[in-house]
Structure formats: C-alpha cells, structure tokens
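Geometric and topological summary
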Amino acid sequence: MLSPADHARIEAAVAAAEAGSSGDIFVVLSGEVSSYREVPIAWGAAAALLIPPLVLAVGLRPLLLAITQGGWTAAQAASQQAAIAYALSGYAIAQALLFGIVALVTSLGPVRRALTPRFLKRHRVKKAAFHHFAAAHHHATGGETGVLIFVALVERQVEILADAAIHAKCGDAPWKEAAAAVQQGMKQPDPTAGIEQAIAICGRALKAHFPGTAPRAGFDRPVED
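In this report, we go over the structure that sits alongside the text. (Residues numbered from 1 in each chain as written. Predicted model: local features only at pLDDT ≥ 70, side-chain atom pairs only at ≥ 80, totals over all residues. Heavy atoms only, no water.)

Check the secondary structure of the protein and you find nine helices and four strands. Reading the helices (α) and strands (β) of the protein from amino to carboxyl end gives α-β-α-α-α-α-α-β-β-α-α-α-β. Split into buried and exposed, the 225 residues of the protein put 39% on the buried side. When contacts within the protein are restricted to residue pairs at least 6 apart in sequence, long-range pairs at least 24 apart make up 77% of them. Surface summary for the protein: the accessible area is close to 12000 Å², and the carbon and sulfur share equals 65%. (Helix = DSSP H or I, 4+ residues; strand = E, 2+ residues; numbered from the N terminus. Buried < 20%, exposed > 50% of the residue type's maximum accessible area, 1.4 Å probe, protein only. Contact = heavy atoms within 4.5 Å. Areas by Shrake-Rupley, 256 points an atom, 1.4 Å probe, with all protein chains shown as cover.)

Right, here's the structure in full:
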C-alpha cells in the first residue's frame, strides 16, 4: 500500500488536474479485489497428477494377460500381479499426497494471484471499478462530470472509467494513455508517479472539453474489496 506522503501527492495531483475544469477526477486505490477462488491452471495441474496411476492400471492389464498366456503359472502370474498392484497403490497414494500439497499451496493468496491468468485479474478489477463508479454515483449528475481512476495495487491492474458525457467528447484515447501510464509506473519503485501522470492526462482531457471550475476534489482513501 502507498504511504500517507503518497496519498498527499495524489491529492495534490487531483486538485491541480481539476483546476480550470468543471469535471471531477476520482481516484480509488484498492487492495486485493477478489479472493481468487478459481485457479484453473493450478487445479488442472494438480488433477493431472492423479492421471498417471489410472493410465498405468489400465495399460498393465493387457500386459498381465500376455504374461499369463506366455507360459507363466497361475501362481507366478498372481504373484506378479500382486506386486504390480502393490506398487500402483503406493504410487497412487504418493500422487494423492502430492495433489493435497499442491492444493494447499495454491490456496495461499500470493500463489493464487501468481497463477491466475491475467485476463481473469483484469475482469475482476474492471468489475470492482464499475462497482465503485456506480455505488459512489461518479457518473454525470446534472452539469457535473466524472472520471474514475481505479488502481488495484496488489494485482497491479488499472481501470479508468469516464461517464457518458466525457466519453462522447474525449473518446477512448486519453483513458488508454492514462492507464498505460499507471501500468508503466507499477513497474517502477515509485508507482505513485505513474498515478500522478495518469491524473494529469485525465485533467488535460477535461480542461480541453469541460472548461470551468471543478465542483470538488475527488480522492478516495484506499479501500479493501
């Protein structure tokens, strides 16, 4: 999470970006946006550990029949079959234990996030951003307009939403540029600089199309979803 000094920098950036514009800029910094219960890659790998003993068990049956028909006595074939069955049982138990270990490890938050595909992370971040946008009524109300910059700090994802009035005049370009600035900043030791840059980009777009006086500053403290 960002420090109080970082919060102050963001608040100042929002105030500067809103100056000379009738639009609002809302910044929401969030922790983890989801519990990441579904990890298809990890669970698929864990389940695959149980497949080899099943394949061996099915494949060895014809081999045992061939041994019996190849001149082995019934007692010898039974002995070999028992030995192989014992080995397969041990192998299956070992694989089941390994499955349990993998399942336990993938239940840890950092591991779930690391193994969750990027498109699922972005879907969750976008869903959380829409939730904040709607819940706080950051869309156009009367003569006011708003842009939401939603940053998921743990997932290192960003979603920028503009209401219909702003989007109709500015298009997609400013928000894509701002999102890229946040993403680039996330790769640096100081992610706040990228957020400040994104705020400035949004501010320039608002000043160009919605000149006037900003009704209020719109910085929200970090929230946990």
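On the secondary structure map, D163 appears in the loop between β3 (157-162) and α7 (164-170). For D163, a relative accessible area of 3% corresponds to the buried category. Polar contacts involving the side chain of D163 include one to the main-chain amide nitrogen of G146, which spans 2.7 Å. (Polar contact = N/O pair within 3.5 Å; in protein donor to acceptor, adjacent residues only side chain to side chain.)

Turning next to the packing of aromatic side chains. Applying the stated criterion across every chain yields a total of zero aromatic pairs. The ring of F210 is capped by K169, whose NZ or CZ atom sits 4.9 Å from the centre of that ring. (Phe/Tyr/Trp six-rings, centres within 6.5 Å; stacked < 30°, edge-to-face > 60°. Lys NZ or Arg CZ within 6 Å of the ring centre and 35° of its normal.)

So, about helix α9 (residues 192-209). In this model, α9 (18 residues) spans 26 Å end to end at C-alpha, consistent with the 26 Å of a helix rising 1.5 Å per residue. Buried within α9 are the following residues: T192, G194, I195, A198, I199, I201, C202, G203, A205 and L206. (Expected span 1.5 Å × (residues − 1).)

One non-glycine residue with positive phi stands out, namely R156, at about 55 degrees. Inspection of the secondary structure puts R156 in the loop between β2 (145-152) and β3. Relative accessible area serves as the criterion here: at 45%, R156 is assigned to the partly exposed category.

The next point concerns the pattern of salt bridges. Oppositely charged side chains are able to pair whenever their charged atoms sit close together. Under the defined criterion, the tally for this structure stands at three salt bridges. Between R9 and D6 there is a salt bridge whose closest N-O contact spans 3.7 Å. Taken together, the residues span about one helical turn, with R9 and D6 both in helix α1 (residues 4-18) at a distance of three residues. A relative accessible area of 29% places R9 in the partly exposed class. (Salt bridge = Lys/Arg side-chain N within 4 Å of Asp/Glu carboxyl O.)

Another point: the packing of helix α8 (residues 173-186) against α9. For the pair α8 and α9, the least separation of the axes is 7 Å and the interaxial angle reads 170 degrees. Overall, the two elements α8 and α9 adopt an arrangement that is roughly antiparallel. Contacts from P174, W175, E177, A178, A181, V182 and G185 of α8 reach α9 at G194, I195, Q197, A198, I201, C202, R204 and A205. Residues belonging to the contact of α8 with α9 are distributed by class as follows: 10 nonpolar, three polar and two charged. (Axes fitted to C-alpha atoms, helices over the stretch in contact; angles between N-to-C directions. Parallel < 35°, antiparallel > 145°, perpendicular 65-115°, else oblique. Nonpolar A, V, L, I, M, F, W, Y, C, P; charged D, E, K, R; others polar.)

When two helices pack together, their arrangement is given by the angle between their axes and by how far apart the axes lie. Running from amino to carboxyl end, α1 crosses α9 at an angle of 15 degrees, the nearest separation of the two axes being 8 Å. The angle between α1 and α9 falls in the class roughly parallel. The handedness of the crossing between α1 and α9 is right-handed. Only T192, A193, I195, E196, I199, G203 and K207 of α9 make contact with α1, whose side of the interface consists of D6, R9, I10, A13, V14, A16 and A17. Across the contact of α1 with α9, the residue classes tally to eight nonpolar, two polar and four charged. (Left-handed = near helix turned anticlockwise from the far one by under 90°.)

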